[in-house]
Amino acid sequence: MSIKALKGFKDILPDEVGLWQFIEQTARDIFHRYGFEEIKVPILEKTELFVRTIGDSTDIVEKEMYTFLDRNGSSITMRPEGTASVIRSYIENGLYVRGSVQRLYTIGPMFRHERPQKGRLRQFHQMSVEVLGSNSAKIDTEVVAMAWQILQEIGLQASLEINSLGCAACRPSFKEALQGFLQERFQHLCEDCKRRSNINPLRVLDCKSENCQAQYVSAPSILKYLCGACSDHFEEVKQTLSLVDVPYAVNAKMVRGLDYYTRTTFELITSELGAQGAIGAGGRYDGLVRQLGGPDVPGIGFAMGMERLVMLLSQKDQVEIRPALDLFLVTLGEAATEKGFVLLQALRSQGLRAMMDQEGRSLKNQMKQADKQNAKFALILGEHELANREVALKDMRSGEQELIEFTAAIEDWADVIKTKIKQQLK
Ligand code: HAM
C-alpha cells in the first residue's frame, strides 16, 4: 500500500502554485506599500503561549490544537495561528525599541485539528499582519483597508462585517446582561452554549446551531454597552472607512473565535465557499502584549486564509496563472547540442526562463516539448546553424522565424538573444 498524506493535509501541486505565488506576491507588494515588514516565527511554540492568548475555553484551545510532549517532556504545540507567536517574538526580542509602532507581517502554515471539509484543512496557510503600538482608530481603518485592497488587487469580492467588542471597562456589563438573557432561555440552548454561558458567554453568539441562533435574535447588543471611549473609537473607524470608500456592514453578533480581541473586530466573508465563508478576519487586542509580559502597547491585525483565496480564484474562470518559458532551445547533432548546453546556461544567467531537451529527442519531439512547456520562443541550433554562426528564433505564437547571425563567441550570444526577445515581446 502506498503512503498517503494525512487527512486534512494537502499538497499544493505545480499546476496550482502559480495562483499561490500570484496571491502571495500581490499581498507582499501591498504590505510593503503600507509600510509593513516581514517577520518569520517558528511553527512550534510552548503550548502555554496559545492557551494564554487564544483562551482556554475557545474551540481552538479546547479541541483543535496539535499538542504533544517533546523528547524532554515539555508540552509543545504546532501554531494554530500567527498572532501569539508574533507577539511573543516582539516581546522576547524587544522589537518595541525599533520604534513605537511596529507593522509586521508573516506568511506560513498553521495547524488546527478541525473536521476537514471544503475550505477547511488541518494544515492551512495564513498571511497575517499585526500593528503593535498604536491606539489610533485610523490604524484600524488602515489595516481593514489594506485587507480590502488585497482582495481588490487579486480580483475577489467579499463583504466586510465589522463590530466592536468593547474593552475591560465596558465588556463586563455586557457579559452580565448576556448571561441574564441566556439564563432565561437556558433549557433551549445546546449543551455547548449551556456550558459556555457560564465560562465564556460571548462565545455562544458564534454557535452554529440554528436553534440557538433563533434564540439569540433578541439577545442584547454589545454596541449598546460600549463605554464612551470605545464608542468614539468605533464611530471614528466607521467614518474613516467611509472616507476611504471601504464598504462595510455592522454585525453586532460577530464575536470571533479567539478570546484576545478588544474593540474593533472584522471579517471578510464570501458566499461562494459554502460554510467556510470567512476568507479573512481580525481585530484589536489591546491588553494582550502586557498580559504576555510585554509593555502596555495596543495591537491590531488580521489573517487571510490562503487556501480559501486560491479556491475562490480558481472557481473564477480566469486565465491560468502559469509561468511561460521564455524559450525552448532545440538542438540537432552532437556538436550543436553540446554548444547549446553552454548557451542554455548563459541564457539563464541573462535572466531568461529557458529549457532544452536532455533526453536525445528528435527535432519534431523537441518542438512538441516547446509547445507543451508553453514556450514563447523556440531557439533552433543545428549543425548547419552552428557552422554558419547563426541561430533561428521562432515566435511560437505567430510562427514567424528569424535568423540571427553572430560574430562573437557562443557564450555571448545569450545577450543578443535576450535583447531580440525583449524587443519582440514589446
Ligand atoms: P482566524 O479567524 O482564526 O483568525 O483565522 C483567520 C483566517 O484563517 C480565517 O478567516 C480563514 O480564512 C483562515 N482559516 C482559519 N482556519 C482555517 C482552516 N482550518 N482551514 C483553512 N483556512 C482557515 C486568526 O487566526 C487571527 N490570528 C487573526 C488575527 C491576526 N487577528 C489579529 N491579528
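You'll find the structure just up there.
Scoring rules and cut-offs
- Residues numbered from 1 in each chain as written.
- Predicted model: local features only at pLDDT ≥ 70, side-chain atom pairs only at ≥ 80, totals over all residues.
- Heavy atoms only, no water.
- Near = heavy atom within 4 Å.
- Polar contact = N/O pair within 3.5 Å; in protein donor to acceptor, adjacent residues only side chain to side chain.
- Areas by Shrake-Rupley, 256 points an atom, 1.4 Å probe, with all protein chains shown as cover.
- Helix = DSSP H or I, 4+ residues; strand = E, 2+ residues; numbered from the N terminus.
- Pairing = 2+ DSSP bridges.
- Salt bridge = Lys/Arg side-chain N within 4 Å of Asp/Glu carboxyl O.
- Buried < 20%, exposed > 50% of the residue type's maximum accessible area, 1.4 Å probe, protein only.
- Axes fitted to C-alpha atoms, helices over the stretch in contact; angles between N-to-C directions.
- Parallel < 35°, antiparallel > 145°, perpendicular 65-115°, else oblique.
- Contact = heavy atoms within 4.5 Å.
- Nonpolar A, V, L, I, M, F, W, Y, C, P; charged D, E, K, R; others polar.
- Left-handed = near helix turned anticlockwise from the far one by under 90°.

Peer 1: I keep staring at the site of the ligand and nothing clicks. Help me out?
Peer 2: Not every one of the 27 residues close to the ligand is listed here, only the nearest: E81, E114, E130, R256 and Y261. With respect to the ligand, the backbone of G280 contributes an N or O atom lying 3.5 Å from an oxygen atom. Contact with the protein chains hides 96% of the accessible area of the ligand, taken as 660 Å² for the molecule alone. Mapped by element, the contributors of at least two residues to the shell around the ligand are β6 (123–132), β10 (278–284) and β11 (299–305). The element that contributes the greatest number of residues to the shell around the ligand is β10, accounting for 6 residues.

Peer 1: How should I be thinking about the pairing of strand β3 (residues 66–69) in this particular structure?
Peer 2: For a regular strand, side-chain orientation follows a simple rule: the groups alternate between the two sheet faces. Strand direction decides the pairing type here: β3 and strand β4 (residues 75–78), joined by 4 bridges, are antiparallel. Among the inter-strand pairings, L69 is bridged to a residue of β4, identified as S75. Hairpin connection, β3 to β4: the antiparallel pair is bridged by 5 residues, and G73 has positive phi, about 85°.

Peer 1: How should I be thinking about the pattern of salt bridges in this particular structure?
Peer 2: Once the charged atoms of two side chains with opposite charge are near each other, the side chains can pair. One pass over the full model with this rule turns up 31 salt bridges. Residue D192 is joined to K63 by a salt bridge in which the shortest nitrogen-to-oxygen separation is 3.9 Å. In this pair, D192 sits in helix α7 (residues 191–199) while K63 sits in helix α3 (residues 59–64), placing the two residues 129 residues apart along the sequence. D192 gets classed as partly exposed once you look at its relative accessible area, which sits at 29%. Using a relative accessible area of 48% as the deciding quantity, one classes K63 as partly exposed. A salt bridge links R88 to E92, with the nearest nitrogen and oxygen atoms 2.9 Å apart. Taken together, the residues span about one helical turn, with R88 and E92 both in helix α4 (residues 83–92) at a distance of 4 residues. Because the salt bridges share partners, they merge into one network encompassing D59, E62, K63, D192, R195 and R196.

Peer 1: Is there a simple way to explain the packing of helix α2 (residues 47–54) against α4 in this structure?
Peer 2: A pair of packed helices can be characterised by two numbers: the angle between their axes and the separation between those axes. At their nearest, the axes of α2 and α4 sit 9 Å apart, and the two run at 110° to each other. As judged from the angle between their axes, α2 and α4 are roughly perpendicular. Counted together, L49, F50 and T53 of α2 and A84, S85 and R88 of α4 form the full contact between these two elements. Here the contact of α2 with α4 is built from residues that sort into 3 nonpolar, 2 polar and 1 charged.

Peer 1: Which parts of the structure should I look at to understand the pairing of strand β16 (residues 401–405)?
Peer 2: The sheet contact formed by strand β15 (residues 390–395) and β16 spans 5 bridges and is antiparallel. Following the sheet pairing, L393 is matched in β16 by E402. The loop that links β15 with its antiparallel partner β16 comprises 5 residues; one of these, G399, has a positive phi angle of about 85°.

Peer 1: Honestly, the sheet that holds β11 in this entry has me stumped. Any pointers?
Peer 2: Pairing between sheet strands relies on hydrogen bonds along the backbone, with the strands arranged either parallel or antiparallel. Across the sheet, which stays open at both edges, the 8 strands sit in the order β1-β5-β6-β11-β10-β9-β7-β8 with mixed pairing between neighbours. Of all strands in the sheet, those bounded by a partner on one side alone are β1 (37–38) and β8 (249–250). As paired elements, strand β7 (residues 159–164) and strand β9 (residues 262–269) share 6 bridges and run antiparallel to each other. Residue pairing across strands places E161 opposite E267, the latter belonging to β9. Its contacts with the sheet place helix α11 (residues 306–315) against β5 (102–111), β6, β10 and β11, and it is angled at close to 115° to β6.

Peer 1: I keep staring at the environment of A335 and nothing clicks. Help me out?
Peer 2: Following the sequence through the fold, A335 ends up in helix α12 (residues 334–349). The partly exposed category is assigned to A335, whose relative accessible area is 36%. Residues A335 and L386 lie 51 residues apart in sequence; the distance between their C-alpha atoms is 8.2 Å. In contact with A335, other than residues within four places in its own chain, are E383 and L386.

Peer 1: What should I look at first to understand the packing of helix α1 (residues 14–33) against α11 in this one?
Peer 2: Contact pair α1 / α11: the axes reach a minimum separation of 10 Å and the direction vectors enclose 115°. Every pair of crossing elements has a handedness; the one defined by α1 and α11 is right-handed. Packed against α1, whose contacting residues are L19, W20, F22, I23 and E24, the element α11 presents M306, E307, L309, V310, L313 and S314 at the interface. Class assignment of the residues belonging to the contact of α1 with α11 gives a composition of 8 nonpolar, 1 polar and 2 charged.

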